[in-house]
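Chains, contacts and geometry: an overview
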Amino acid sequence: MYLSDEEQAMLAGEQGVGVAQAMGIITTLGNMYGAADLIPISSAHISGVSYKNLGEAGLEYLEDLAATGAKARVFATLNPPAVDMDDWQGSPLLTTPAFAKGQFRILDAFYKMGIDGICTCTPYEVNNRPAMGDHLSWAESSAVSFANSRLGARTNREGGPAALAAAITGRTARYGYHLDENRRADYVINVNVAVPDGSSLSALGVIVAKKLLNRTPLFVGFDRELSDDEHKLLGAAMAAVGSIALFHVEGQTPEAIALGREISAPHAEYLTVDDLAEGYRALGIVPGTTPVDLVNIGCPHSSYAELVEIADLLAGRQVRTKFWIMCAPHVVHQAQANGVAERLTGCGVALLSGACTIVSPMAQTGVRSVATNTAKGAFYHSSYNGMEIHLGSTAKCVETAVSGIWQD
Amino acid sequence: MMERTFEVRVIKAGDADGEALVSSEPLGFLGVVDPDSGIVTETTHQLHGQSVAGKVLVFPTGKGSTVGSYTIYRLKKNGMAPLAIVNAESEPIIATGAAISDIPLVDQMDISQIKSGDRVRLSAGLLTVYPQAVTEASE
């Protein structure tokens, strides 16, 4: 692999041990994937932020790296931590002081490396919205999918350590989704079923992910223009259940528009989806009428538009279950400034600022059953947190919160 | 059985000489290998209860959370890391962990040629296996 003089100097330690270590990660991955050279990136998005996931090992690595003086040389955002960033003590997550201490040491290590601590799994909602053709190094599978698909930017599905190394070197290796030849669809999905809401789009994503694993679908046959939030939910489902990093929608996503018929490869296979039941079944959802402990929205993080939608659906009614919404701190602050937060909290809803229930300790909250509106949330609450789960539209989740009962 | 030498792909350069610990199933690190003892704690894993410390660790590929790279780093700092890692086909979690922990890593070989207890020597893109019985007979 070709390295410029500056890149060789970075690898040799001329800019410090931390930079050399980061360059070691980037070149190791580049060599493994047969990259020709390195490319400058316009931003990084780093996963591996939660103390629950990182533990002492990750904390130690990040503090060691920060102590070398290594700094991010491109704009970088962070995935959610395991605590409410605005008020961990008042949060319904019931965070213990020892846990909060570990979590804030992790965040401090990132701050020390010049990463400004915007914590969200939807960085494109706040201030890290790449342009078409930008090269990125992003972790967080749902954000990778959104950046590649909805925005036409270019990133591989990075791991947390590799994205951090890319932030520090300002570079990533040229392979995978950075190359034109790896971005065309090799599966055409004919959507022959109504997908009126986010949960049905999620179920569609599950079906496609189970079939395609890590290939690149082109969706045809949607009866409408999908919104940003709908792209988010569809992509998140396919990235969590499979490892799909890029999808196209005929006439809607930027590369599908730019390339027209050329967007699908000549050898592409075809799949028609005309029933969504299998998508719900594959998530381990058992239909039934049952009490629910928690209605949890915001996996991936909710947008401001979604908060307004929920406030309108609640229309001032009190909730009986716990009802938590995760969003980026920026979105929480916007909702606070516009009175939307007050409309929600007045009904008994809690906004978790920057946090994520999936990567937080949930045992202490007593929650055993969760209703949510996304496949990603359902998938991880079940597989990672061992919860009983229900998946439905946002409206259905809101009615469940008000009645306390999930009804199938 | 005689010693056998294989050409392998070097992902993280370095030499090693030690006893093999072989898994025929993929291995994650986060929540699977205890970073303080090197012992595999995942009860359903075929290496459960065994320590990776000081071994030439052989498995098909990595799996699980990308935070596993940091577990490898902590193993190294605690002196409980493997001497080297041999994969059939490596992936970013293991490659990143090896890069930050300075652990030699090679792949692209038929790992069924190595058995736990064999002596494995790794040098300059060549991996030599000395089957256990031969090693014992020569000592």
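Below, the discussion takes up the overall build of chain A. For chain A, the count of helices and strands is 15 helices and 16 strands. Over its C-alpha trace chain A gives a radius of gyration of 21 Å, about what one expects of a compact globule, namely 22 Å for 408 residues. The buried share of chain A, reckoned over its 408 residues, is 55%. The contacts in chain A between residues at least 6 apart in sequence include a share of 80% that link residues at least 24 apart.

What follows covers the confidence of the model for chain B. Summing up the model confidence of chain B, the mean pLDDT is 92 and the portion of residues at 70 or higher is 95%. Across the assembled chains, the prediction reports ipTM 0.82 with pTM 0.91.

This next bit is on the sheet that holds strand 3 (residues 75–78) of chain A. All names here are of chain A. Here we have three strands laid out as an open sheet, ordered 3-2-4, and parallel in their pairing. The open sheet terminates on both sides in strands that have one partner only, identified here as strand 3 and strand 4 (136–138). Taken over all neighbouring pairs, the strand axes of this sheet differ in orientation by 10 degrees on average, direction set aside. As defined by bridge partners, strand 2 (residues 43–46) adjoins strand 4 across three bridges and the pair is classed as parallel. Of the residues in strand 4, the one forming a bridge with Ser43 is Leu136. Docked against the sheet, helix 6 (residues 160–169) engages strand 2, strand 3 and strand 4, running at close to 150 degrees with respect to strand 2.

Below, the discussion takes up the environment of Arg343 of chain A. Along the chain, the position of Arg343 of chain A falls in helix 13 (residues 340–345). Considering only alpha carbons, one finds Arg343 of chain A and Gly55 of chain A, 288 residues apart in sequence, at a separation of 37 Å.

Residues and elements named next belong to chain A. For helix 12 (residues 329–337), the set of buried residues is Pro329, Val331, Val332 and Ala335. For helix 12, the arc enclosing every buried residue in end-on projection is 160 degrees, short of the 170-degree limit, so these residues lie on one face. Here the buried face of helix 12 lies against strand 11 (294–302), helix 11 (304–314), strand 12 (322–327), helix 13 and strand 13 (350–353). Downstream of helix 12 by one or two residues, Gly339 has phi in the positive range, about 80 degrees.

With that settled, consider the interface of chain A and chain B. The parts lose accessible area when they come together, and the size of an interface is often stated as this lost area. Contacts between the two partners involve 20 residues from chain A and, on the opposite side, 19 residues from chain B. Those elements that provide at least two residues to the side of chain A that touches chain B are helix 2 (17–32), helix 3 (51–67) and helix 6 of chain A. Take the side of chain A that touches chain B: its biggest share by element is seven residues, from helix 2 of chain A.

On to helix 3 of chain A. Residue and element names in this part refer to chain A. Its 17 residues give helix 3 an end-to-end C-alpha distance of only 19 Å, which falls more than 12% under 24 Å, the value for a rise of 1.5 Å per residue. Of all the bends in helix 3, the largest measures some 65 degrees and sits at Ala57. Looking only at helix 3, the buried set comprises Tyr51, Asn53, Leu54, Ala57, Gly58, Tyr61, Leu62 and Leu65.

A few words on the pairing of strand 8 (residues 126–130) of chain B. Residues and elements named next belong to chain B. Where burial is concerned, the two faces of strand 8 differ: the one with Leu127 and Val129 is buried and the one with Leu126, Thr128 and Tyr130 is not. Bridge analysis of strand 1 (residues 4–7) against strand 8 gives four bridges, and the strand direction is antiparallel. Across the sheet, Arg4 pairs through a bridge with Val129, a residue of strand 8. Sheet topology note: the strand 7 (residues 119–123)/strand 8 ladder contains five bridges and is antiparallel. Within strand 8, the residue paired with Val120 across the bridge is Val129. Connecting the antiparallel pair strand 7 and strand 8 is a turn made up of two residues, with Ala124 showing a positive phi of about 50 degrees.

Each value, and the rule that gives it
Residues numbered from 1 in each chain as written. Chains lettered and ligands numbered in written order. Predicted model: local features only at pLDDT ≥ 70, side-chain atom pairs only at ≥ 80, totals over all residues. Helix = DSSP H or I, 4+ residues; strand = E, 2+ residues; numbered from the N terminus. Rg over C-alpha atoms; globule rule 2.2 N^0.38 Å. Buried ≥ 20, exposed ≤ 12 C-beta atoms within 10 Å, placed from the backbone. Contact = placed C-beta atoms within 7 Å. pLDDT = per-residue confidence, 0-100. Pairing = 2+ DSSP bridges. Axes fitted to C-alpha atoms, helices over the stretch in contact; angles between N-to-C directions. Arc of directions from axis to C-beta. Expected span 1.5 Å × (residues − 1). Bend = angle between axes of the 7 residues up to and from the residue.

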